[in-house]
Amino acid sequence: MSTIGIIGLVFVGGGLGSLSRFGVGQLSLQFYEGKFPLGTLLANVLACLILGITVYLLRDKAGNDWVKYLVLIGFCGGFSTFSTFSAETLKLFQDGLFGIGVLNILISLALGIGVLWVLAR
């Protein structure tokens, strides 16, 4: 696969992932307005779920490099957001909401890693 083809796949996947991330965030605000950053948690866990399912389905299959670039790197990279997770957690700590901040860290890590553990092993 050419470099320009790889760049194109990552670009398209990343754009679709970012739009999906925005949509999940907006949708979560329709149902929940509390202090816990639910939209970010949902986006990150769903990205791990998509990544895990894709890795599971493609293991032992050759010739699917385009899926790696489009879905794993592009879409999941655009859909998940470590920087927003970090900023929201820091804001919780700055606002004195230490319990919610720690809960955010623990739930995010447990669900994200747990989903991948179950699907990709």
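What you see is a predicted model, and the numbers here were worked out from it, not measured in a lab.

(A) Focus on the pattern of salt bridges. With the rule as written, the count across this model stands at one salt bridge. The partner of Asp95 in a salt bridge is Lys91, with the nearest N and O atoms 2.9 Å apart. The class for Asp95 is partly exposed, based on a relative accessible area of 42%.

(B) Expanded view of the side chain of Thr40. By the secondary structure assignment, Thr40 is in helix α2 (residues 38–58). Of note is the side chain of Thr40, whose polar atom sits 2.7 Å from the side chain of Glu88.

(C) Representation of the layout of surface pockets in the model. Volume-wise, the largest pocket comes out at about 230 Å³. Around the largest pocket sit 13 residues that line it, and Asn44, Cys48, Ser80, Phe82 and Ser108 are the ones nearest its centre. Listed by contribution, the elements that provide at least two residues to the lining of the largest pocket are α2, α3 (65–79), α4 (82–94) and α5 (98–120). Split into classes, the residues belonging to the lining of the largest pocket amount to eight nonpolar, five polar and no charged. Estimates place the volume of the second largest pocket at around 190 Å³. Together, 14 residues line the second largest pocket, and Ser28, Leu29, Pro37, Leu38 and Gly39 are the ones closest to its centre. Secondary-structure elements contributing two or more residues to the lining of the second largest pocket are α1 (3–31) and α2. The element contributing the most residues to the lining of the second largest pocket is α1, with four residues. Tallied by class, the residues present in the lining of the second largest pocket amount to five nonpolar, five polar and four charged.

What counts and how
- Residues numbered from 1 in each chain as written.
- Predicted model: local features only at pLDDT ≥ 70, side-chain atom pairs only at ≥ 80, totals over all residues.
- Heavy atoms only, no water.
- Salt bridge = Lys/Arg side-chain N within 4 Å of Asp/Glu carboxyl O.
- Buried < 20%, exposed > 50% of the residue type's maximum accessible area, 1.4 Å probe, protein only.
- Helix = DSSP H or I, 4+ residues; strand = E, 2+ residues; numbered from the N terminus.
- Polar contact = N/O pair within 3.5 Å; in protein donor to acceptor, adjacent residues only side chain to side chain.
- 1 Å grid on protein atoms, 1.4 Å probe; cavity = no way out; pocket = protein on both sides within 12 Å on 5 of 7 lines; lining within 4 Å.
- Points joined across faces, edges and corners; volume = space filled by probe spheres on them.
- Nonpolar A, V, L, I, M, F, W, Y, C, P; charged D, E, K, R; others polar.

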